[in-house]
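Given next are the chains, with one letter for each unit.
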Amino acid sequence: MTEKEEIMDACDSHASAPSVKKNGRPSLLDSGEDFEVLDEEDIDDDPPPPLEDAGGGKGKTMDESEKTNADSSDPPGPVEEWMDVLGNDQLKKKVLEAGEGRDSRPQKGQNVKINLKTYLKDGTLVEEQPDLSFTLGDGDVIQALDLTVQLMEMGEKALVQVDAKYAYGVRGSLEPEVPPDSELSLEVELLKATDAPDVELLPPAEKIALASHKRERGNVHYQRGDYAFAVNSYSIALQITESSSKVDITPEEENELMGVRVKCLNNMAASQLKLDHYDAALKSCVSALEHQPDNIKALFRMGKVLALQGEYSEAIQTLRKALKLEPSNKTIHAELSKLVKKNSEQRGAEQAMYKKMLGNPGGGGGGGSSGSQKHRAKSTWGLSWKWLFGATAVAIGGVALSVVIAARN
């Protein structure tokens, strides 16, 4: 498999640009206000300007290319050519110091350690992170790092030019401080790659910390509007919390792990709602309520999902249960009032439809049809009595005639 094919396979599992750290704002998902919907900023659909060629790109003259080839022929000197990682000129990598060979490249799922320096396009140093550790491919860092580090050899130093799309996007970041829609230059040195630990053998405290880290990373994705990335991070956290433990764990630690699991399920449901994945969101709510039947957030989101699916009666019942647990919650009050009104309108429309289906299709107004039916009924009864009176008179006359004939004989 070529390097381009390896990267395109890796890119299939990524869609947008998460941030390295939490952006400094309190997570609405972890607060009591996470019922509120985050305001989505208007996004400019104009394509970002192309990256400038910092050397060795398509604009090279023949003399420059020959000079580059001559310089790169002296191992282990730096390789001066830029690699267009995704083929769209928005993520490029250049080797500054060669590493230990292709066989030393890290694999997706391994824990890697790097030295990282982040610069703005104008050369301003944004952040320096020595010994930065993360799991490759888990979305723990910006997408540019997830995609390029797996192409690096052990000990290699590289320069990466990245468009905002694969860094901090149109929103930028507060921590580190990156303006919106900023192109970045990254200096990366790959120090170490090790296999991820077996979560079943992790001490409970470490397992809780790892699951919480993945959940918090999901919260960052959610706040940035990267809902698919958020679902991925919550899924990884859930796998950690749901894994069996081959070491002793106390009841208190089990409860703490359960709390992380329920938070992940709640936040995953919120992300799935944003993605219009209603069945998946409902399943997440049900799972959360299996662990904590009186979890207000799970009940609220379940009510919203049921309403979006048109199940108004069940949604109202669910929200009433949530309101009973927290009578002062204005958000639940508002949502419940809205659903009651919708349900009433729906029932009124259904009743009108049933009346129309059962009515007389040939009749005019309701009063005329009723009067016509009464007139026909009265006429029918009049004819019946006249026929009965005539038949009785004939029968009596016949009997009298029979008596007279018998007397004469």
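Since this is a predicted model, take the numbers as computed values, not measurements.

Observations concerning the nonpolar core
One finds Tyr222, Met302, Ile332 and Leu339 to be the most contacted residues of the largest nonpolar core, which totals 41 residues. Mapped onto this core, the elements with two or more residues apiece are α4 (204–223), α5 (227–242), α6 (251–274), α7 (278–291), α8 (296–308), α9 (312–325) and α10 (330–358). Top contributing element to this core by residue count: α6, with nine residues. Core analysis: the next-biggest nonpolar cluster, separate from the first, contains 30 residues, Leu132, Leu145, Met154 and Ala158 among them.

Here we look at the packing of aromatic side chains
Summed over the entire model, instances satisfying the criterion amount to one aromatic pair. Ring centres 5.3 Å apart and planes at 65 degrees place the aromatic pair tyrosine 222 and tyrosine 227 in the edge-to-face group. Of the two residues examined, tyrosine 222 and tyrosine 227, each falls in the buried class. Lying across the ring of tryptophan 82, lysine 92 places its NZ or CZ 5.7 Å from the centre.

Here we look at the environment of alanine 322
As for its placement among the helices and strands, alanine 322 is situated in helix α9. In this structure, the C-alpha to C-alpha distance between alanine 322 and phenylalanine 300, residues 22 residues apart in sequence, is 6.5 Å.

Re the environment of glutamine 143
Looking at where glutamine 143 falls in the secondary structure, it is placed in helix α3 (residues 143–148). You can call glutamine 143 buried: its relative accessible area is 1%. Residues glutamine 143 and lysine 165, spaced 22 residues apart in sequence, show a C-alpha to C-alpha distance of 8.8 Å.

Observations concerning the pairing of strand β2 (residues 91–97)
The buried count for β2 comes to five of seven residues, which makes it a mostly enclosed element. Note that strand β1 (residues 82–84) and β2 share three bridges and pair antiparallel. When the sheet's bridge partners are listed, tryptophan 82 is paired in β2 with lysine 94. Between β1 and β2, which follow one another and run antiparallel, lie six residues, and glycine 87 among them has a positive phi close to 75 degrees. Sheet topology places β2 next to strand β5 (residues 157–162); six bridges connect them, and they run antiparallel. When the sheet's bridge partners are listed, glutamate 97 is paired in β5 with lysine 157.

Looking at the confidence of the model for the protein
Per-residue confidence for the protein gives a mean pLDDT of 79; residues scoring 70 or more make up 68%. Ranking the elements of the protein by mean pLDDT puts helix α2 (residues 62–72) last, at 42, and strand β3 (residues 111–120) first, at 98. In this model, residues 10–79 is a region of pLDDT below 50 whose contacts with residues beyond four sequence positions or in other chains number 146 contacts. The low-confidence segment residues 362–369 (pLDDT under 50) makes one contact with residues lying over four places distant or belonging to another chain.

What counts and how
- Residues numbered from 1 in each chain as written.
- Predicted model: local features only at pLDDT ≥ 70, side-chain atom pairs only at ≥ 80, totals over all residues.
- Heavy atoms only, no water.
- Core = buried A, V, L, I, M, F, W, Y, C linked by side-chain atoms within 4.5 Å.
- Buried < 20%, exposed > 50% of the residue type's maximum accessible area, 1.4 Å probe, protein only.
- Helix = DSSP H or I, 4+ residues; strand = E, 2+ residues; numbered from the N terminus.
- Phe/Tyr/Trp six-rings, centres within 6.5 Å; stacked < 30°, edge-to-face > 60°.
- Lys NZ or Arg CZ within 6 Å of the ring centre and 35° of its normal.
- Pairing = 2+ DSSP bridges.
- pLDDT = per-residue confidence, 0-100.
- Contact = heavy atoms within 4.5 Å.

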